[in-house]
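Letter by letter, the chains look like this.
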Amino acid sequence: MSGADLRQVGPGFDHEATGSQAVFRAALQALSHPGRWTPVPAAAHVPAAAHRAAALLMLALLDAETSVWLSPGLRQAPVAAWLRFHTGCTLVDELARARFVWVAEGDDCPPLDQLAQGTDQDPDRSATCVLELGDARPGAQGVSWQLSGPGIQGARTLAAHGVPAGFESQWQDNHARFPRGVDVFLVRREAMAGLPRTTRLAALEEV
């Protein structure tokens, strides 16, 4: 990492071990209860260009053996240097090589079928997508979904704002590829909702 990159790097977790553990537990909770908005705890300093919850999630999940693809809004900001410094991860340009894909709010989300899908024998070799969304606010356009599947008793409603066009159709295809397919974290500024590939999703209405 160059000296110019290092000058852009700020601190990460205020308390590395406890902060990382708290966020990791929150991520497990989000995947165990799909569609439930889960607060992302821990005190940390994150780059201004990134959603706080998304940055903390990546800080907790990545390590030196992880490959990451960043959307343009993150790649051209101090985020890339900050992420590499604190996690040791490898940034890649090819989607299919990435184990994690981080998409900034406002950037185009790559089609889910272009991400690493894993195999029937090794489904864990697939990618996880961290997708930043807008927070709910008066007048904001959003969607409301009904979710069902493992971790959901009966059905659960999930409201989200800033979801990419066509996401619902892509998700249905992703679910149909099980055990292959990708898992997704939908992330607002301070909370996340897990969408494991086992979850079924159906649109209800605009919210």
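Residues numbered from 1 in each chain as written. Predicted model: local features only at pLDDT ≥ 70, side-chain atom pairs only at ≥ 80, totals over all residues. Heavy atoms only, no water.

Right, let's get into the nonpolar core. With 32 residues, the main nonpolar core has L83, W102 and M192 as its most contacted residues. When residues of this core are assigned to their parent elements, the largest contribution, 8 residues, is made by helix α3 (residues 52-61). Apart from residues no more than four positions distant in its own chain, M192 is found in contact with V23, A26, A27, A30, R36, W37, T38, V40, L57, F185, L186 and V187. (Core = buried A, V, L, I, M, F, W, Y, C linked by side-chain atoms within 4.5 Å. Buried < 20%, exposed > 50% of the residue type's maximum accessible area, 1.4 Å probe, protein only. Helix = DSSP H or I, 4+ residues; strand = E, 2+ residues; numbered from the N terminus. Contact = heavy atoms within 4.5 Å.)

In a pair of packed helices, the angle between the axes and the distance between the axes together describe the arrangement. Two elements in contact, α3 and helix α5 (residues 79-87), have axes whose closest approach is 9 Å; the angle formed by their N-to-C orientations is 30°. It follows from the interaxial angle that α3 and α5 lie roughly parallel. The chirality of how α3 crosses α5 is right-handed. Each of A55, M58 and L59 in α3 lies in contact with α5, whose residues at this interface are W82, L83, H86 and T87. Considered class by class, the residues forming the contact of α3 with α5 number 5 nonpolar, 2 polar and no charged. (Axes fitted to C-alpha atoms, helices over the stretch in contact; angles between N-to-C directions. Parallel < 35°, antiparallel > 145°, perpendicular 65-115°, else oblique. Left-handed = near helix turned anticlockwise from the far one by under 90°. Nonpolar A, V, L, I, M, F, W, Y, C, P; charged D, E, K, R; others polar.)

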